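Spelled out, the chains give:
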Amino acid sequence: MNLQKGQIIELDIEKIAFGGNGIGKYEGRVVFVPGTMPGDKVKASFTRIKDSFAEADLVEVVKGSVDRLAPKCKFFEKCGGCQFQFMPYEMQLQIKKQQVVDAFERIGKIPNPPVSEIIGCEMQYYYRNKMEFSFGYDAEMNFALGMHLPGRRYDILDLTECHLQSEFSVKILNAIRDFIKKTAWPPFKYSVGEGFLQALYIREGKRTNEVMVNFVTSDDVPKNFDEKMKEFVKILEGIDGESESAGAKKITSIYWTKVVSKKGIPKQRLETLLSGKKTLTEKLKLRNGDELSFEILPQAFFQVNTFQAEILYNQVVDFALRNSHETVFDLFCGTGTIGLFLAKHVEQVFGVELNLDAVKTARENAVANKIFNIDFLAGDVGKVLHQMKERPSLIVIDPPRAGLTKGMIEKLNEFDAKTIVYVSCNPATSARDCLLLAEYGYSVKEIVPVDMFPNSAHIECVSLLVRG
Ligand SMILES: C[S@@+](CC[C@H](N)C(=O)[O-])C[C@H]1O[C@@H](n2cnc3c(N)ncnc32)[C@H](O)[C@@H]1O
């Protein structure tokens with residue numbers, strides 16, 4: 001039968017696809033439906049039809065799975081920030097683990113891949129240390145501050161409740177909305193490149209209770225900005241964090257970031273510290289209970305789930321310590337976190353990172369933690385590796401979602417390290433790269449999935465590869 005866009009069908013959801021959509025079958029075709037889970041019988045309306053698969057929007061849950069839960073957040077249906085909120089956490093974990101198994105079997109060509117139990121997150125809500133909210137308009141062109149609506153390029157959901165970061169973060173969000181609405185400053189319209197208000201970043205030190213607020217705008221600054229900004233800072237400084245269950249939080253830095261554009265193209269981000277400290281301090285705990293301290297600048301990458309980051313990095317150390325190592329490379333090192341976790345177990349660590357701010361912070365972090373056997377090199381891993389003369393016995397890699405390039409893998413081979421520890425936020429590209437590394441004699445000994453993002457479809461895993 002000829003399927004039509006907009007046609008409404010009924011189907012049973014059998015499993016969850018990579019990325020989080022439910023999958024069912026209709027007339028032999030695989031159909032992806034967001035917002036569904038295995039065991040659901042749903043009505044869905046086709047949005048895209050291809051020869052081998054189709055996509056459809058959920059119209060109605062005809063009969064929900066017996067495991068379906070009532071979502072915690074009133075914005076769940078619209079927001080899309082927590083796709084799995086209606087699923088029991090144990091089920092989320094098993095789905096993620098199975099997806100890691102599937103990726104390494106199918107893409108990595110490893111039959112029965114050695115995937116360990118997934119390490120779940122104790123906090124299933126309020127775990128994020130960073131949130132980005134956007135200013136804009138909702139579908140009716142009302143002022144909005146919140147999240148982009150899934151599948152809509154410009155529409156913003158005005159969010160007054162969110163369980164991802166902390167109650168304090170929501171207080172800040174709501175106070176800023178109340179204040180900004182009174183100023184009548186216009187949100188930036190990306191469709192035409194006009195307006196002022198762009199985004200609001202809130203970062204928290206989960207182990208320090210420090211909070212950084214970064215208010216991002218265009219360079220089309222309203223005339224009353226300076227005067228109003230003083231009021232804005234006062235309001236933020238007055239927000240009370242005492243009632244927090246996890247300890248009293250306090251805004252310790254307030255930034256204004258002005259995005260300077262030329263002919264509509266963003267060219268430069270000018271950061272002004274309006275109040276407080278230059279950096280946000282966060283701490284990470286090592287297995288032995290010692291803490292490392294990190295100074296984080298507004299734009300620097302830092303794992304967004306502090307407590308799970310500790311588990312992830314301690315897992316890297318556990319893998320690393322299966323052998324003794326003198327020289328270690330920490331590639332894609334960000335602000336140096338993994339290298340700093342490893343440093344006291346080895347003679348020398350070399351971190352490589354593209355982002356210059358992150359490299360600067362990494363160097364400062366090393367000194368602040370009195371760790372002197374670590375060096376950081378700025379540049380593209382693909383290029384910097386060509387200049388490195390050291391012979392590492394361990395190489396740790398933690399690339400962005402796209403994974404490694406073939407050139408990087410060829411170069412890794414030449415270093416002849418006995419052990420590679422591959423940290424990945426994308427099991428598909430990690431499995432692909434492990435297949436290429438297998439051609440150079442590296443075999444995957446163990447893969448540990450770590451859930452960094454409860455209630456979302458994201459999966460992180462750490463793999464141990466050994467040569468010979
Ligand atoms: C997933 S993050 C990992 C950061 C760090 N290992 C951590 O756990 O915080 C990936 C990092 O790779 C950096 N990066 C991306 N492409 C790169 C490249 N070609 N060469 C070097 N670093 C790169 C990014 O700036 C980012 O800091």
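Computed from a predicted structure; not experimentally measured.

The rules we used
Residues numbered from 1 in each chain as written. Predicted model: local features only at pLDDT ≥ 70, side-chain atom pairs only at ≥ 80, totals over all residues. Buried ≥ 20, exposed ≤ 12 C-beta atoms within 10 Å, placed from the backbone. Helix = DSSP H or I, 4+ residues; strand = E, 2+ residues; numbered from the N terminus. Pairing = 2+ DSSP bridges. Core = buried A, V, L, I, M, F, W, Y, C linked by C-beta atoms within 7 Å. Domains from an automatic or database assignment. Contact = placed C-beta atoms within 7 Å. Axes fitted to C-alpha atoms, helices over the stretch in contact; angles between N-to-C directions. Left-handed = near helix turned anticlockwise from the far one by under 90°. Nonpolar A, V, L, I, M, F, W, Y, C, P; charged D, E, K, R; others polar. Near = placed C-beta within 6 Å.

(A) Quick look at the pairing of strand β18 (residues 394-397). Side chains Leu 394 and Val 396 project from β18 onto one buried face, and the interleaved Ile 395 and Ile 397 project onto a second face that is buried too. The pairing of strand β15 (residues 327-331) with β18 spans four bridges and is classified as parallel. Residue pairing across strands places Asp 330 opposite Val 396, the latter belonging to β18.

(B) Examining the nonpolar core more closely. Within the largest apolar cluster, 102 residues are counted, with the highest numbers of intra-cluster contacts made by Val 213, Val 316, Val 396 and Val 421. Ranked by residue count, the leading element in this core is helix α5 (residues 306-320), at seven residues. Residue contributions to this core reach at least three from each of two domains, namely domain 2 (93-122 + 287-467) and domain 3 (130-282). Apart from the residues within four sequence positions on either side, Val 316 is in contact with Ile 338, Phe 341, Val 396, Val 421, Val 423 and Val 462. Among the nonpolar cores identified, the runner-up in size contains 16 residues, and Ile 13, Val 31, Ala 54 and Met 87 belong to it.

(C) Structural context of the packing of helix α2 (residues 89-106) against helix α10 (residues 427-439). At a minimum axis distance of 8 Å, the contact between α2 and α10 shows a crossing angle of 30 degrees. For α2 against α10, the interelement crossing comes out right-handed. Taken together, the residues of α10 that come into contact with α2 (itself represented by Gln 99, Val 100, Ala 103 and Phe 104) are Pro 427, Ala 428 and Ala 431. Among the residues forming the contact of α2 with α10, the class breakdown is six nonpolar, one polar and no charged.

(D) How the structure looks around unusual backbone geometry. At Met 141, a position not held by glycine, the phi torsion is positive, near 65 degrees. Secondary-structure assignment places Met 141 in the loop between β6 (130-137) and β7 (143-148). For Asn 455, which is not glycine, the phi dihedral falls at a positive 70 degrees. The topology assignment puts Asn 455 in the loop between β20 (442-450) and β21 (460-467). What makes Asn 455 buried here is the crowd of 25 C-beta atoms within 10 Å.

(E) Examining the domain arrangement of the protein more closely. Here the protein is partitioned into domain 1 (8-68), domain 2 (93-122 + 287-467) and domain 3 (130-282). For domain 1 and domain 3, the distance between their C-alpha centres works out to 36 Å.

(F) Local environment of the site of the ligand. Around the ligand, 20 residues are found, and the nearest of them are Phe 332, Gly 334, Leu 354, Val 381 and Asp 398. Of all the secondary-structure elements, those providing two or more residues to the shell around the ligand are α6 (337-342), β16 (348-353) and α8 (381-387). The residue inventory of the shell around the ligand, partitioned by class, reads 12 nonpolar, five polar and three charged.

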